[in-house]
Amino acid sequence: MEKMYVEDLFRFIENSPTAFHAVDTMKKKLEARGYTGLLESGNWKLEAGGKYYAVRNGSSLIAFRIPKADFKGFQIMASHSDSPCLKIKENPELKSEAYVKLNVEKYGGMLCATWFDRPLSVAGRVVVRENDRITTKLVHMKSDLLMIPSLAIHMNREANDGYKYNVQKDMLPLYGMYGKRESEESRQTDAAGMDFMGMIARETGVNADAILGSELYLYNRMTGSIWGANEEFISAGRLDDLECVYASLQAFLEAEAGCSIPVHCVFNNEEVGSSTRQGAASTFLADTLYRICEALGMTGADYRRALASSLMLSADNAHAVHPNYPDKACPSNRPLMNRGVVVKFSGNQRYTSDAVSAALFCSICGKAKVPVQVFTNRSDILGGSTLGNISGTQVAVSCVDIGLAQLAMHSSYETAGAKDLEYLVQAAKIFYESSVEETGAGEYLVEHCIIHR
Ligand code: ZN
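What you see is a predicted model; the values in this text were computed from it and never measured.

A.B. asks: Please clarify how helix H7 (residues 284–295) should be interpreted in this entry.
C.D. replies: An α-helical turn contains 3.6 residues, so any two residues separated by three or four positions project in the same direction. When the terminal C-alpha atoms of H7 are compared, their 16 Å separation across twelve residues agrees well with the 16 Å that a helix rising 1.5 Å per residue should span. Buried within H7 are the following residues: Phe-284, Leu-285, Ala-286, Thr-288, Leu-289, Ile-292 and Cys-293. Gly-297, located one to two residues past H7, shows a positive phi value of around 75°.

Following this line, the structure appears as structure tokens:
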């Protein structure tokens, strides 16, 4: 089972080089299971027992099921579809000597060194004119297309003494060469071959002149790997946060109907602060939950009552203790890979977990027989943030920050524990099947009540 999930995760990651593809991969899985896509511009008619999903700007997705009877609240698991990478700028070709490089900029806080000396390719979306319509096409180049070569040690003897990368100078990927050709005609053919957007258009099956807009990113071509003395580790690109996205979706699909509405929620743009139309700071989740209540004939007060009996998991990977840097971890809370789901706490509430939300989640993990460990930053290290506290300003439900312990966060090739994925799927499945009711001041009833269909 453990390996089956890992191999399925690797397929999910390979099919999801960008947030747009992650949403497309999820849509295909949901539609194969009978889910209906809802347009935000459409009129939502939701039926008891119905299965639905909505997408905002092609890169954030919320899926949910309507129960056959009354429900108590929402069981929301939120994760993010984006990962740090290099974004290709408009008019990208830069000629230097006989080389053609592409002009790129950073998307998110990446570990720059991990993007050098490995095959890279391009994915994203283009928006094209088709007759009188404007339509979106996904772009996924499935060949080794680009490389960012290091400078030889002989030309920078201090390379191993710490290096500050300048994206504009050091990280422009090499795309091709235009040679010295004899005839004017072959020179022109050469130049045409170097037209990057022309190549993208050809490969995507659209007319280059019809492309009106594009968002294209580099991705690491290395596929997932299971490794270690006992195959206890997994490595792949974008584990942060596609591992949580995958676990959330898998558990959502496996879960039986309970007494709450299960909500699988994936936001884009976590890596750049979440404040976009489709990010966690947006109204996407609030709008969706409100529209569910509205379509079921509920009042505004009913909606707010449902929120008070809801629980949200903000699922984003956590830092495992690093084998070479054990001093970087908090002295008393030291998550390890393969030891279970991590609950994250932060005194300044950069993580949403509090005594109540953590207790509610731990009781669910107890039911799922999944071990729980705790992450806190060293008190002298600021640490990262994630989407839970940002989303909480739009949808104020009790929330707990969780994740799986991993190494090399924001590397182009990250490492996690082979066993933990199954732990998270198990915990999330019981979470989706449960309901959390506020029964008094500071009193809650957590029920795992499967309604057999
Ligand atoms: Zn993340």
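A.B. asks: Which parts of the structure should I look at to understand the pattern of salt bridges?
C.D. replies: Side chains that differ in sign of charge can pair as their charged atoms come close. Counted by the stated rule, this structure contains 14 salt bridges. We note a salt bridge from Arg-56 to Asp-287, for which the minimum N-O separation is 2.9 Å. Of the two residues, Arg-56 is situated in strand S2 (residues 51–56) and Asp-287 in helix H7; the sequence distance between them amounts to 231 residues. Overall, Asp-287 belongs to the partly exposed group, its relative accessible area being 30%. Sharing partners across several salt bridges, the network here consists of Asp-8, Arg-11 and Lys-29.

A.B. asks: Would you mind showing me how to read the sheet that holds strand S20 (residues 414–417) here?
C.D. replies: Adjacent strands of a sheet form backbone hydrogen bonds with each other and so pair up, either parallel or antiparallel. Strand order in this open sheet of five strands is S11-S12-S20-S19-S15, and the pairing throughout is mixed. Strands at the two margins of the open sheet, each flanked by one partner only, are strand S11 (225–227) and strand S15 (318–319). In this structure, S11 lies alongside strand S12 (residues 233–236), joined through three bridges in antiparallel fashion. When the sheet's bridge partners are listed, Trp-227 is paired in S12 with Phe-233. On the sheet, helix H1 (residues 2–14) packs against S11 and S12 and is oriented at approximately 10° with respect to S12.

A.B. asks: Just to check I follow, could you spell out the state of the cysteines for this structure?
C.D. replies: A covalent bond between the sulfur atoms of two cysteines is referred to as a disulfide. What the rule picks out here adds up to one disulfide. Note that Cys-259 is cross-linked by a disulfide to Cys-449, the S-S spacing being 2.4 Å. With Cys-259 in the loop between helix H6 (239–254) and strand S13 (261–267) and Cys-449 in the segment after strand S22 (443–448), this residue pair connects regions lying 190 residues apart in the sequence. The class for Cys-449 is buried, based on a relative accessible area of 19%. Considering cysteine sulfurs only, Cys-399 is the nearest to Cys-265, which forms no disulfide, with 10 Å between them. The exposure class assigned to Cys-265 is buried, which follows from its relative accessible area of 0%.

A.B. asks: For this particular structure, what's the right way to read the coordination of the zinc ion?
C.D. replies: In an ideal tetrahedron of four donors about a metal, each angle is 109.5 degrees. In an ideal octahedron of six donors, the angles are 90 or 180 degrees. Taken together, the protein donors to the zinc ion comprise His-80 (NE2), Asp-240 (OD), Asp-316 (OD) and Asp-316 (OD), at separations of 2.0 to 2.6 Å. One way to put it: the four donor atoms around the zinc ion meet at angles of 54 to 144°, and that makes the site irregular. Written as a sequence motif, the donor arrangement for the zinc ion is H-x159-D-x75-D. With a gap of 236 residues between them, His-80 in strand S4 (residues 74–80) and Asp-316 in the loop between strand S14 (311–315) and S15 connect regions that are remote in the sequence. Accessibility expressed as a relative area gives 0% for His-80, which makes it buried.

A.B. asks: Can you help me understand the sheet that holds strand S10 (residues 211–220) in this one?
C.D. replies: With respect to topology, six strands assemble into an open sheet ordered S8-S7-S10-S5-S6-S9, the strand pairing being antiparallel. The strands lining the two open edges of the sheet, one partner per strand, are strand S8 (133–140) and strand S9 (174–177). Neighbouring strand axes in the sheet, compared pairwise and without regard to direction, differ in orientation by 30° on average. Pairing between strand S6 (residues 99–107) and S9: three bridges, direction antiparallel. Across the sheet, residue Val-100 finds its bridge partner in S9, namely Gly-176. The sheet contacts of helix H2 (residues 19–32) involve strand S7 (120–130), S8 and S10, and relative to S8 the element is tilted by about 95°. Running over the sheet, helix H5 (residues 196–204) touches strand S5 (85–96), S6, S7, S8, S9 and S10 and is turned about 90° from S10.

A.B. asks: Before we go on, may I ask you to explain the side chain of Ser-16 in this structure?
C.D. replies: Note on placement: Ser-16 falls in the loop between H1 and H2. Ser-16 gets classed as buried once you look at its relative accessible area, which sits at 1%. Not counting chain neighbours up to four residues away, the residues in contact with Ser-16 comprise His-21, Ala-22, Thr-25, Arg-238 and Leu-242.

A.B. asks: Just to check I follow, could you spell out the packing of H2 against H6 for this structure?
C.D. replies: For any two helices packed against each other, one specifies the crossing angle of their axes together with the interaxial distance. Taken N-terminus to C-terminus, the directions of H2 and H6 make an angle of 15°; their axes are 12 Å apart at the nearest point. Comparing the axis directions of H2 and H6 gives the class roughly parallel. The hand of the H2/H6 crossing is right-handed. Counting all contacts with H2, which are made through Ala-22, Met-26, Lys-29 and Leu-30, the residues of H6 involved are Leu-242, Val-245, Tyr-246, Leu-249, Gln-250, Phe-252 and Leu-253. Of the residues that constitute the contact of H2 with H6, the class distribution is nine nonpolar, one polar and one charged.

A.B. asks: Got a minute to help me understand the nonpolar core in this structure?
C.D. replies: Among soluble globular proteins, nonpolar side chains are generally buried collectively. Judged by nonpolar contacts, the single largest core of 57 residues is most densely connected at Leu-30 and Ile-402. Here this core gets ten residues from one element, more than from any other, and that element is H6. Apart from residues lying up to four places away in sequence, Leu-30 is in contact with Tyr-35, Tyr-53, Leu-61, Ala-63, Leu-249, Phe-252 and Leu-253. In this structure, Val-100, Tyr-107, Val-126 and Tyr-217 belong to the second largest nonpolar core, which totals 35 residues.

What counts and how
- Residues numbered from 1 in each chain as written.
- Predicted model: local features only at pLDDT ≥ 70, side-chain atom pairs only at ≥ 80, totals over all residues.
- Heavy atoms only, no water.
- Helix = DSSP H or I, 4+ residues; strand = E, 2+ residues; numbered from the N terminus.
- Expected span 1.5 Å × (residues − 1).
- Buried < 20%, exposed > 50% of the residue type's maximum accessible area, 1.4 Å probe, protein only.
- Salt bridge = Lys/Arg side-chain N within 4 Å of Asp/Glu carboxyl O.
- Pairing = 2+ DSSP bridges.
- Contact = heavy atoms within 4.5 Å.
- Axes fitted to C-alpha atoms, helices over the stretch in contact; angles between N-to-C directions.
- Disulfide = S-S within 2.5 Å.
- Donors = N, O, S within 2.8 Å, 3.2 Å for Na, K, Ca; no water.
- Tetrahedral: all angles 85-135°; square planar, octahedral: opposite > 155°, others 65-115°.
- Parallel < 35°, antiparallel > 145°, perpendicular 65-115°, else oblique.
- Left-handed = near helix turned anticlockwise from the far one by under 90°.
- Nonpolar A, V, L, I, M, F, W, Y, C, P; charged D, E, K, R; others polar.
- Core = buried A, V, L, I, M, F, W, Y, C linked by side-chain atoms within 4.5 Å.

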